[in-house]
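Letter by letter, the chains look like this.
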Amino acid sequence: MKRWILIGCCVLLVSCTNIYNDQLSLYNQYVDEITSYNEMNTDTNLPFDIKVYFEKVIDDEITYRIIVDNPKEEMKNIKAIAIHDYPTTDVFPTSGVFEKPLHMSPDIVNVNDNYVKGFILIGYIDFNNELEDFDGTVKVLIQYDDVDGNLKKVYYQYHK
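Every value quoted in this text rests on a predicted model; they were computed, and no experiment measured them. (Residues numbered from 1 in each chain as written. Predicted model: local features only at pLDDT ≥ 70, side-chain atom pairs only at ≥ 80, totals over all residues. Heavy atoms only, no water.)

A.B. asks: Please give an account of the nonpolar core that cites residues and values.
C.D. replies: Of all hydrophobic cores here, the largest spans 39 residues; its most connected members are F48, I66, F119 and I142. Counting residues per element, the ones that place at least two in this core are helix 1 (2-36), strand 1 (49-58), strand 2 (61-69), strand 3 (75-84), strand 5 (102-104), strand 6 (118-126), strand 7 (137-145) and strand 8 (151-159). When residues in this core are grouped by element, the largest group, six residues, is from strand 3. Those residues in contact with I66 that lie beyond four places of it in its chain are I50, K51, V52, A82, F119, I120, L121, V138 and V140. (Core = buried A, V, L, I, M, F, W, Y, C linked by side-chain atoms within 4.5 Å. Buried < 20%, exposed > 50% of the residue type's maximum accessible area, 1.4 Å probe, protein only. Helix = DSSP H or I, 4+ residues; strand = E, 2+ residues; numbered from the N terminus. Contact = heavy atoms within 4.5 Å.)

Okay, here's the thing in structure tokens:
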């Protein structure tokens, strides 16, 4: 009996490691993709509203928030990442990469089924000067399936 429990634990450990490796690989793929993508969308013709805010909460750090809400179409299996152009060893904020993807629809909000009105990506940038002196760019990649099951990607850039 102990042998079966040990074998079961080993199988569980290996499967969890594979899931984490897949998620980490997807994260790295998104970072590489958005870093190298140059034709960013900065207009308002997006399938959702997006707003970017910067705030100086502590002396040596800026907090940035990307709020995505008010979908104009059905968006399923949303995966999102936001990166900035300052050197960092921190992980960039994501949604749907390391956890279950969200869905957004103009007419549905049902948290039990992962249908939300919107989501927020929050990250931090090491910065010792005043917020007025900050000159940085945040890039956002949002991938989702439309109502017909087609994979869509939206690239967005905001410069402060």
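Here the narrative resumes.
A.B. asks: Lay out unusual backbone geometry with the relevant residues and their values.
C.D. replies: If you check the backbone angles, N70 has positive phi at about 50° while not being a glycine. Within the element layout of this structure, N70 appears in the loop between strand 2 and strand 3. By relative accessible area, N70 is classed as partly exposed at 31%. The phi angle at N114 is positive, at roughly 65°, despite the residue not being glycine. Residue position: N114 is located in the loop between strand 5 and strand 6.

Spatial relationships are all this shows, so hold off on functional conclusions.
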